[in-house]
Amino acid sequence: MKLHFTIVIFFITINLTAQTDARLYAIIDAVSAQRLENDIRTLANFGTRNTFSDTLSKTRGIGAARRWIKAEFDKIDNNCNNCLEVFYQKDLVTPKDGNRVPKEAYVVNVVAVQKGTKYPNRYIIMTGDIDSRNSDTMDYTNDAPGANDNASGMAGTIEAARVLSQYQFENSIVYLGLSGEEQGLFGGKGFAEYAKMNNWEIIGVLNNDMIGNIEGIDGVIDNRTFRIFSEPTPVTETEKERNQRRFYGGEVDGISRQLARYIHKTVTAYMPEMNPMMVYRLDRFGRGGHHRPFNDLGYPGVRIMEAHENYNRQHQNNRVENGIKYGDVIEGVNFEYAKKLTAVNAIVLASLGWSSPEPKNVTIGGVVEPNTKLKWDKVADDAVIGYKIYWRLTTSPQWEFSRFVGNTDNFELKGIVIDNYYFGVSSVHQNGQESVVVFPSAVMRSTGK
């Protein structure tokens, strides 16, 4: 009888780690293209959202735009029985702070925090940019509707808040509207420093910058592919960590790259019609986005965006030249595509929101041995049913193989030679959700020669 009970529990545990979560399909279905269209049109109709534009008008400029965003977050808060903490976070910038700052002004971010029920100080952040620009970055008076760049990302962030506020999560989720992106990533820098000052533990930052265009400058039309940009290793790593990597590997296994893999895995499982394209670079060639200030402080963060950009619709005055239409106007946004990328964000936020903390101090060993050994610190969470070891060929972009090893703090993979693979470990929640995979940070001492 006792043996039978053990077998049943083992069977249930294995199935929990293999099944998909029906709640995530419901979240995908709840995202509304119509609401996204309404929000993108509203943001574009403020005329310009340049960071240094009018702050007093009720109908035009950055001030009106951010007040409208806060009002939308407040409405969501009212509809979820005050589940959000909504506030402004701001920092003063002057012309001394950069060559794209024409005058002194406050860079104001709009923040909505959905506190976690179990780990309120662990945060997953989704960002969109409030501000827009035209051809001249310093021109803060003429029109710059910024329909795709980046009303689409801001609208997606608001819509994710509407959908996810109907659920409770163990970890906190932040819906964040950032300003000052076009002038030097000021909003992201200010908020990353705010998070650091308040000792936030950030699980990941999903920076959404342009999620509505499907027709590229090269003529390609694609409404299913999107890009995930991530830097390979943290810029905050120590010299010792850099030296270790020369011998142990991990050139493409930093915390932001693991977050990108998590997104890729989640999307391919729940939205197989989508084609997530991982780009092994911080951002577009020589360019930057609002995840970078978080990366600069050692936080994991990625950029999620359309696959095919149209530069005629970016950073351009509205005009027609030689029969070509320029300008970031509403006609350049595909709302169904924006819905898909908003859903991508929403299911990743939810998956991480329902996950347990990742294992700490993952250690690996097996030098000149036939087996690979892994050890880690178990998570102090009764909801953790065990741990999953992942491994892949060193040239593979994604984790290829995995094994659920139960509720233990060590395991030996027999017949898997350490020299030929990279390894990682995640925690598994009883609801089936996993943490981000953790790459080993230390090597066990070996007696081999």
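Right, let's walk through the structure included here. On a predicted model such as this, the values are computed, not experimentally measured, just so you know. (Residues numbered from 1 in each chain as written. Predicted model: local features only at pLDDT ≥ 70, side-chain atom pairs only at ≥ 80, totals over all residues. Heavy atoms only, no water.)

Within this structure, the stated rule accounts for 31 salt bridges. Where Glu37 meets Arg41, a salt bridge forms, and the shortest distance between an N and an O atom there is 2.9 Å. Within this pair, Glu37 and its partner Arg41 are both found in helix 3 (residues 33-44), separated by four residues, close to a single helical turn. Taking the shortest distance from any N to any O, the salt bridge between Lys360 and Glu358 comes out at 3.1 Å. On the basis of relative accessibility, which here comes to 38%, the residue Lys360 falls in the partly exposed class. (Salt bridge = Lys/Arg side-chain N within 4 Å of Asp/Glu carboxyl O. Helix = DSSP H or I, 4+ residues; strand = E, 2+ residues; numbered from the N terminus. Buried < 20%, exposed > 50% of the residue type's maximum accessible area, 1.4 Å probe, protein only.)

On to a nonpolar patch on the surface, then. Taken together, Phe247, Tyr248, Val367, Val368 and Val443 make up a surface patch of nonpolar side chains, about 490 Å² in accessible area. Inspection of the secondary structure assignment puts Val443 in strand 17 (residues 442-443). (Patch = residues over 30% accessible without salt bridge, like charges linked within 9 Å, V, L, I, M, F, W, Y side chains within 5 Å. Areas by Shrake-Rupley, 256 points an atom, 1.4 Å probe, with all protein chains shown as cover.)

As summarised here, the arrangement of the three strands in space is 14-13-16, forming an open sheet in which the pairing is antiparallel. Edge positions in the open sheet fall to strand 14 (401-406) and strand 16 (421-429), since each of these has one partner strand only. Strand-to-strand twist across the sheet, computed as the mean angle between neighbouring axes with direction ignored, equals 25°. Across five bridges, strand 13 (residues 384-393) lies against strand 14 in antiparallel orientation. Bridge pairing in strand 14 links Ile389 to Arg403. (Pairing = 2+ DSSP bridges. Axes fitted to C-alpha atoms, helices over the stretch in contact; angles between N-to-C directions.)

With respect to topology, eight strands assemble into an open sheet ordered 1-2-4-3-5-8-6-7, the strand pairing being mixed. Both edges of this open sheet fall to strand 1 (84-93) and strand 7 (275-279), since each of them pairs with a single strand only. This sheet shows a mean twist of 25° between the axes of neighbouring strands, independent of strand direction. In this structure, strand 1 lies alongside strand 2 (residues 105-114), joined through 10 bridges in antiparallel fashion. Directly across from Phe87, in strand 2, lies its bridge partner Val111.

Applying the stated criterion to the full structure yields one disulfide. Between the sulfur of Cys80 and that of Cys83 lies a disulfide, 2.0 Å long from S to S. Because the torsion about its S-S bond is -90°, the bridge between Cys80 and Cys83 counts as left-handed. Judged by relative accessible area, Cys83 falls into the partly exposed class, the value being 23%. (Disulfide = S-S within 2.5 Å.)

With that settled, the discussion passes to empty space enclosed by the protein. Scanning all chains against the criterion turns up one cavity of 30 Å³ or more. Lining the largest cavity, in full, are Asn148, Asp149, Met210, Asn213, Glu306, Glu309, Asn310, Arg313, Gln314, Asp328, Val329 and Gly332. Looking at the lining of the largest cavity, its residues break down into two nonpolar, five polar and five charged. (1 Å grid on protein atoms, 1.4 Å probe; cavity = no way out; pocket = protein on both sides within 12 Å on 5 of 7 lines; lining within 4 Å. Points joined across faces, edges and corners; volume = space filled by probe spheres on them. Nonpolar A, V, L, I, M, F, W, Y, C, P; charged D, E, K, R; others polar.)

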